[in-house]
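# An overview of the molecular structure
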Amino acid sequence: MKQLVKHIVAGAMLSSALVSTSVMAEQKMAVVDVQGIFQAMPQAAELQNAIQLEFKDQIEEVNQLQRDGQFYAERLQRDAATMSDSEKKELEQKILSVREELSQKGQPLQQNIQRRSNEERNKLLGLIKQAIDTVAAKQGYDLVLNAGAVAFAKEDHDLSEQVLEQVSKAN
């Protein structure tokens, strides 16, 4: 009786494996290089320019603070031997003041730029996702994987060019 149960279980497992393989064979799969598409999109370059323009004044202010701090530090190093103690203390105080102001303005600016970059990047990734959905639906694909997560795929299964064209049309 145990032998019969083992044979039935083994037969059931074998038949389910055969059925699942035949189902897998019917699925149409493709890959897309999402990162490559993102980098090739004209909108990605525009995004960086727009963010730089949006924060231009703040970036310039932080850059000026960095230049001032560097100037004061170089001056202190260069002229320390000929300066009086009060001049040294005054210059050291300026350096500390610039560093403090730089940390107060620089870090929030960096966080704001990062936040805006992420917002805009997510919008573009949404466009890419829509384009992938459109191309996959038109061509009857059941499954589309990110090319970065796939060890190997034939060139004819790569939809990246069609998706890039679709994204360019959407703009």
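The name that an unreviewed UniProt entry assigns to the chain is OmpH family outer membrane protein, with the source organism given as Alteromonas genovensis. Its UniProt record gives the chain a comment under Sequence similarities (unreviewed entry), which states: "Belongs to the skp family."

With that settled, consider the overall build of the chain. Tallying secondary structure elements over the chain gives six helices and two strands in all. Going residue by residue from the N terminus, the α and β elements of the chain occur as α-β-α-α-α-α-β-α. When burial is assessed residue by residue, the chain has 23% of its 171 residues classed as buried. In the chain, the share of contacts with a sequence separation of at least 24, taken over all contacts with a separation of at least 6, comes to 81%.

The topology assignment puts Asn146 in strand β2 (residues 143-146). Asn146 sits 116 residues away from Ala30 along the chain, and the two C-alpha atoms are 8.8 Å apart. Setting aside residues no more than four positions away along its own chain, Asn146 makes contact with Val32, Asp33 and Val34.

With that settled, the discussion passes to helix α4 (residues 56-79). Given 3.6 residues per helical turn, the α-helix brings residues three or four places apart onto the same face. Taking 1.5 Å per residue as the helical rise, α4 with its 24 residues ought to reach 34 Å, and the 34 Å between its terminal C-alpha atoms agrees with that figure. Taken together, the buried positions of α4 are Ile59, Val62, Leu65, Gly69, Tyr72 and Leu76. Where α4 is buried, its residues meet α3 (42-54) and α5 (85-139).

In this section: helix α6 (residues 160-170). Ser160, Val163, Leu164, Gln166 and Val167 are the residues of α6 that are buried. Mapping the buried residues of α6 onto a view down its axis gives an arc of 160 degrees, with all of them on the same face. In α6, the exposed residues that point more than 90 degrees away from the buried face are Glu161 and Lys169. On its buried side, α6 packs onto β1 (29-32), α2 (34-40), α3 and α5.

Another point: the pattern of salt bridges. For the structure on display, the rule yields 10 salt bridges. Across the salt bridge formed by Glu101 and Lys105, the nearest N and O atoms sit 3.1 Å from each other. Highlighted residues: Glu101 and Lys105, both in helix α5, separated by four residues, approximately one helical turn. The partner of Arg115 in a salt bridge is Glu119, with the nearest N and O atoms 3.0 Å apart. Of this pair, Arg115 and Glu119 are both found in helix α5, four residues apart, which corresponds to roughly one turn of the helix.

Taken N-terminus to C-terminus, the directions of α5 and α6 make an angle of 120 degrees; their axes are 9 Å apart at the nearest point. As summarised for this structure, α5 and α6 are arranged oblique, according to the angle between their axes. In terms of crossing hand, the pair formed by α5 and α6 is right-handed. In contact with Leu127, Ile128, Ala131, Ile132, Thr134, Val135, Lys138 and Gln139 of α5, α6 contributes Gln162, Val163, Gln166 and Val167. A breakdown of the residues in the contact of α5 with α6 according to their chemical character gives seven nonpolar, four polar and one charged.

Attention now goes to a nonpolar patch on the surface. Nonpolar side chains collect at one region of the surface, where Met29, Leu143 and Leu145 lie side by side and expose about 210 Å² of accessible area between them. Along the polypeptide, Leu143 turns up in strand β2. Leu143 gets classed as partly exposed once you look at its relative accessible area, which sits at 33%.

This part is about the side chain of Arg116. Inspection of the secondary structure puts Arg116 in helix α5. Here Glu54 takes part through its side chain, which lies 3.1 Å from a polar atom of the side chain of Arg116. Setting aside residues up to four positions removed in sequence, Arg116 forms contacts with Ile51, Glu54 and Phe55.

Conventions used here
Residues numbered from 1 in each chain as written. Predicted model: local features only at pLDDT ≥ 70, side-chain atom pairs only at ≥ 80, totals over all residues. Heavy atoms only, no water. UniProt positions renumbered as here; feature names shortened; annotations may be inferred. Helix = DSSP H or I, 4+ residues; strand = E, 2+ residues; numbered from the N terminus. Buried < 20%, exposed > 50% of the residue type's maximum accessible area, 1.4 Å probe, protein only. Contact = heavy atoms within 4.5 Å. Expected span 1.5 Å × (residues − 1). Arc of directions from axis to C-beta. Salt bridge = Lys/Arg side-chain N within 4 Å of Asp/Glu carboxyl O. Axes fitted to C-alpha atoms, helices over the stretch in contact; angles between N-to-C directions. Parallel < 35°, antiparallel > 145°, perpendicular 65-115°, else oblique. Left-handed = near helix turned anticlockwise from the far one by under 90°. Nonpolar A, V, L, I, M, F, W, Y, C, P; charged D, E, K, R; others polar. Patch = residues over 30% accessible without salt bridge, like charges linked within 9 Å, V, L, I, M, F, W, Y side chains within 5 Å. Areas by Shrake-Rupley, 256 points an atom, 1.4 Å probe, with all protein chains shown as cover. Polar contact = N/O pair within 3.5 Å; in protein donor to acceptor, adjacent residues only side chain to side chain.

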